[in-house]
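Coordinate inspection notes
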Amino acid sequence: MTDPAALRRAIAAEWEESPYYAAAEGWLDTFWSEGSPFLRLFRQLDLSRVVELACGRGRHAAQILDQAGEITLVDVLESNIAACRARFAGRERMVFIVNAGDDLPGIEDASRSALFCYDAMVHFELTDVWSYLRETARILRPGGRALLHVSNFMEHPGGDHHDNPHWRNFGGLPVIRHLAARAGLSTLAAEVLDWPGAPGLDGLLLLER
Ligand SMILES: C[S@@+](CC[C@H](N)C(=O)[O-])C[C@H]1O[C@@H](n2cnc3c(N)ncnc32)[C@H](O)[C@@H]1O
């Protein structure tokens, strides 16, 4: 398969009504425990108007309800955004967006203080990572920051991500950092991350508009 839209749809479909969401509610320590590189860099975000890209069923948003101002949740799956609407029904200042898988529709230019994306972009096609970097640069206000959990897997170019450890798509921290620069985002931090059984599999990028 080479059509970017078909690849994007196939990746999205894998997460429809997945058992992942319930199970992942129990795997929060990687992201939110003291000593986690995610939490250390997350604390450098201004949460006054924050976007979570590929939010799933909202397990990360649930961690920041008391610290954040407006929270915008974006996901390609209608079912995930419906679940988030139900989960956060009592909270004011929530915005819910179903997107097309490579865009941030309805988010005004230079309007947001931060964007983050965890445990999702690692699976995306690099062509869609590039689109999201440009969209992120568009929606962040000057000085706004993005924290992106990305694939650092650089083997099997042109291959099928199911053949790769933990379904990581072809990526690479230096490559994504370069694309971020071309999108107008400077790198504040670029850290290689180990994943269980897969040293150096992932990367974490803190970017600034
Ligand atoms: C492994 S789940 C992670 C969900 C959430 N980030 C978490 O950590 O719980 C992957 C998520 O990416 C979403 N997704 C897949 N392809 C996408 C795309 N092209 N754009 C936006 N979201 C996408 C899925 O719907 C799903 O919510």
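Structure: see above.
Residues numbered from 1 in each chain as written. Predicted model: local features only at pLDDT ≥ 70, side-chain atom pairs only at ≥ 80, totals over all residues. Heavy atoms only, no water.

Pairing between the strands of a sheet is mediated by backbone hydrogen bonds and can be parallel or antiparallel. Read from one edge to the other, the open sheet built from seven strands follows the order E3-E2-E1-E4-E5-E7-E6, with strand pairing classed as mixed. Here the strands that pair on one side only, and so sit at the sheet edges, are strand E3 (94-98) and strand E6 (186-195). Averaged over neighbouring strand pairs, the angle between their axes works out to 15 degrees when direction is ignored. Sheet analysis places E6 next to strand E7 (residues 198-208), joined by eight bridges and oriented antiparallel. Note on E7: the bridge partner recorded for Thr187 is Leu207. Of the strands in this sheet, strand E2 (70-75) and E3 are in contact with helix H5 (residues 78-87), which crosses E3 at around 165 degrees. (Pairing = 2+ DSSP bridges. Helix = DSSP H or I, 4+ residues; strand = E, 2+ residues; numbered from the N terminus. Axes fitted to C-alpha atoms, helices over the stretch in contact; angles between N-to-C directions. Contact = heavy atoms within 4.5 Å.)

This paragraph deals with the state of the cysteines. The final tally for this structure, using the stated rule, is zero disulfides. The cysteine Cys55 is free of any disulfide, with Cys84 supplying the nearest cysteine sulfur at 4.0 Å. Cys55 sits in the buried class, given a relative accessible area of 4%. With relative accessibility at 0%, the residue Cys84 sits in the buried group. (Disulfide = S-S within 2.5 Å. Buried < 20%, exposed > 50% of the residue type's maximum accessible area, 1.4 Å probe, protein only.)

Turning our eyes to something else, we now look at empty space enclosed by the protein. In the structure shown here, the tally under the stated rule is two cavities of 30 Å³ or more. Contributing to the lining of the largest cavity are 32 residues, with Trp15, Ala54, Asp75, Ala120 and Phe124 lying nearest its centre. Going through the elements one at a time, helix H1 (4-13), helix H2 (20-24), strand E1 (49-53), E2 and helix H6 (126-139) are the ones with two or more residues in the lining of the largest cavity. Each residue belonging to the lining of the largest cavity can be placed in one class, and the counts come to 16 nonpolar, seven polar and nine charged. Of the voids in this model, the second largest cavity is the one considered here, and its volume is about 40 Å³. Met121, Val122, Phe124, Leu126, Val129, Val150, Ser151, Asn169, Phe170, Gly171 and Ile176 are the residues that line the second largest cavity. Of all the elements in the fold, those that place two or more residues in the lining of the second largest cavity are H6 and strand E5 (140-151). Looking at the lining of the second largest cavity residue by residue, the class counts come to eight nonpolar, three polar and no charged. (1 Å grid on protein atoms, 1.4 Å probe; cavity = no way out; pocket = protein on both sides within 12 Å on 5 of 7 lines; lining within 4 Å. Points joined across faces, edges and corners; volume = space filled by probe spheres on them. Nonpolar A, V, L, I, M, F, W, Y, C, P; charged D, E, K, R; others polar.)

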